[in-house]
Amino acid sequence: MTADDSYDRIDDDDYPAYTMGRAAEMLGTTQGFLRAIGEARLITPLRSAGGHRRYSRYQLRIAARARELVDGGTPIEAACRIVVLEDQLEEAQRINTEYRRAAESAKPTTSA
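Predicted, not measured: the structure shown is a model, and the values here were computed from it.

Caption draft 1: Representation of helix 2 (residues 20-27) in the model. For helix 2, the complete set of buried residues consists of Met20, Ala23, Ala24 and Leu27. Each buried residue of helix 2 lies within a common arc of 95 degrees when the element is viewed along its axis, so the set occupies one face. Looking at the packing, one finds that the buried side of helix 2 touches strand 1 (18-19), helix 3 (31-39), strand 3 (53-55) and helix 4 (57-71). Following helix 2 by one or two positions, Gly28 adopts a phi angle in the positive range, close to 70 degrees.

Caption draft 2: Broad picture of the sheet that holds strand 2 (residues 46-47). The strand order across the open sheet built from three strands is 1-3-2, with neighbouring strands paired in antiparallel fashion. Only two strands of the sheet have a single neighbouring strand rather than two, namely strand 1 and strand 2. With two bridges connecting them, strand 1 and strand 3 associate as antiparallel partners. In the sheet register, Thr19 faces strand 3, and the bridge partner there is Arg54. This element, helix 4, spans strand 1 and strand 3 of the sheet and lies at about 85 degrees to strand 3.

So, how was this worked out
Residues numbered from 1 in each chain as written. Predicted model: local features only at pLDDT ≥ 70, side-chain atom pairs only at ≥ 80, totals over all residues. Heavy atoms only, no water. Buried < 20%, exposed > 50% of the residue type's maximum accessible area, 1.4 Å probe, protein only. Helix = DSSP H or I, 4+ residues; strand = E, 2+ residues; numbered from the N terminus. Arc of directions from axis to C-beta. Contact = heavy atoms within 4.5 Å. Pairing = 2+ DSSP bridges. Axes fitted to C-alpha atoms, helices over the stretch in contact; angles between N-to-C directions.

See the structure below:
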């Protein structure tokens, strides 16, 4: 990947732009926390050519939500499950909204 390719992806939420150290710093947490949520399979960081973990902005948002729950006293495994369920609910609601819009647009119009 060239520098030009990297610039093209700067706004990509899924681009693994952040090292583990930088991600932990941004979240105000430890690298151990990031490893723990990785082991719990909440997020799976990509690996650089050298084998180092790299995180995307989307993954950092997920990690931040898990940290919020853990800071509130929720065990890490439960926090990870809650975040997964929240994400699934959001996706289901988005799909439901799309179906409703499609059904509304498919309704025949009646003229009086």
